[in-house]
Structure formats: structure tokens, C-alpha cells
Amino acid sequence: MRFFSKIVFICNFCFIIVVVLHFLKRAKQVDKVFDGSLTFQPLIGTIAILGYVAAIILNLIFLILCIYWVRKKKINIIPRWLVMTSLILFPIQFYYLFIMPQ
């Protein structure tokens, strides 16, 4: 479970990076503020896949497993800050991916 929680944290971090890159790209299109220095496409593509697809799916599975571990009284194996981070980021991910207009 600790390994899985680390993967979920990495995916959540990639989601934050993707959101920042999205707003930088939008600022470049609107205000010509960003000069386009982030052009390494394989890295950006990997971060986008982890941030968009894997983050919300793995975060949902992680939160379901956390509920299971709380019911079994074994939640102490996962750091509390990691559970809280996932719990805070999941509604943001859901809103950003499904509700917010692109």
C-alpha cells in the first residue's frame, strides 16, 4: 500500500504540473506572456498522461482503499498528509476534468 500511495502522489503532482502548464499555454495564446520555452514534447506528454488519466483513476482507487483500511482500523500504514492531499485533490481533479469547460 505504501508503494501504491507513492505512485498516487506522483500522479497527483503530475496533475498539478499539467494544470499549471495548461494555464501557461492559455496565457501564451491570450497575452503572449509565455515564450514557449517548454517544448520537450515527450516529457510533457508523459506528464499529461499521468496527470489527466492516471491521477483521477488511481486517486479514486486510493481513496476507496483508504476507506477500507479505516474500516479495518489499519490506516496507520499510510501517512495522514498523503490521505488528506488525495482527499483534497480528488474533487479538484473531478471538477477540472469533467465539469470545467475547456
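Here is a short report on the structure shown in this document. (Residues numbered from 1 in each chain as written. Predicted model: local features only at pLDDT ≥ 70, side-chain atom pairs only at ≥ 80, totals over all residues. Heavy atoms only, no water.)

The next thing to look at is the overall build of the protein chain. Looking only at helices and strands, the protein chain features three helices and zero strands. Along the protein chain, from the amino end to the carboxyl end, the secondary structure elements read α-α-α. For the protein chain, buried positions account for 29% of its 102 residues. For the protein chain, the proportion of contacts with a sequence separation of at least 24, taken over those separated by at least 6, is 76%. (Helix = DSSP H or I, 4+ residues; strand = E, 2+ residues; numbered from the N terminus. Buried < 20%, exposed > 50% of the residue type's maximum accessible area, 1.4 Å probe, protein only. Contact = heavy atoms within 4.5 Å.)

Okay, the environment of M84 next. Assignment of secondary structure puts M84 in helix α3 (residues 80-99). Here M84 falls in the partly exposed class, since its relative accessible area comes to 43%. Counting along the chain gives 21 residues from M84 to L63, while the straight-line C-alpha distance between them is 9.8 Å.

Moving on to a nonpolar patch on the surface. Side chains of I49, V53, I57 and I61 sit close together on the surface and give an oily, nonpolar patch of about 350 Å² of accessible area. Tracing the backbone shows V53 in helix α2 (residues 41-71). (Patch = residues over 30% accessible without salt bridge, like charges linked within 9 Å, V, L, I, M, F, W, Y side chains within 5 Å. Areas by Shrake-Rupley, 256 points an atom, 1.4 Å probe, with all protein chains shown as cover. Salt bridge = Lys/Arg side-chain N within 4 Å of Asp/Glu carboxyl O.)

Right, let's talk about the nonpolar core for a bit. Counting 18 residues, the largest nonpolar core has L58 and F62 as its most contacted members. What F62 contacts, discounting residues up to four positions off in sequence, is M1, F4, S5, V8, I78, L82, V83 and S86. (Core = buried A, V, L, I, M, F, W, Y, C linked by side-chain atoms within 4.5 Å.)

At their nearest, the axes of α2 and α3 sit 9 Å apart, and the two run at 135° to each other. It follows that α2 is oblique to α3 by the angle criterion. Seen from above, α2 lies across α3 with left-handed handedness. Residues Y52, A55, I56, N59, L60, F62, L63 and C66 of α2 touch α3, and the partners they reach there are L82, V83, S86, L87, L89, F90, Q93, F94, Y96, L97 and F98. Along the lines of polarity and charge, the residues of the contact of α2 with α3 split into 16 nonpolar, three polar and no charged. (Axes fitted to C-alpha atoms, helices over the stretch in contact; angles between N-to-C directions. Parallel < 35°, antiparallel > 145°, perpendicular 65-115°, else oblique. Left-handed = near helix turned anticlockwise from the far one by under 90°. Nonpolar A, V, L, I, M, F, W, Y, C, P; charged D, E, K, R; others polar.)

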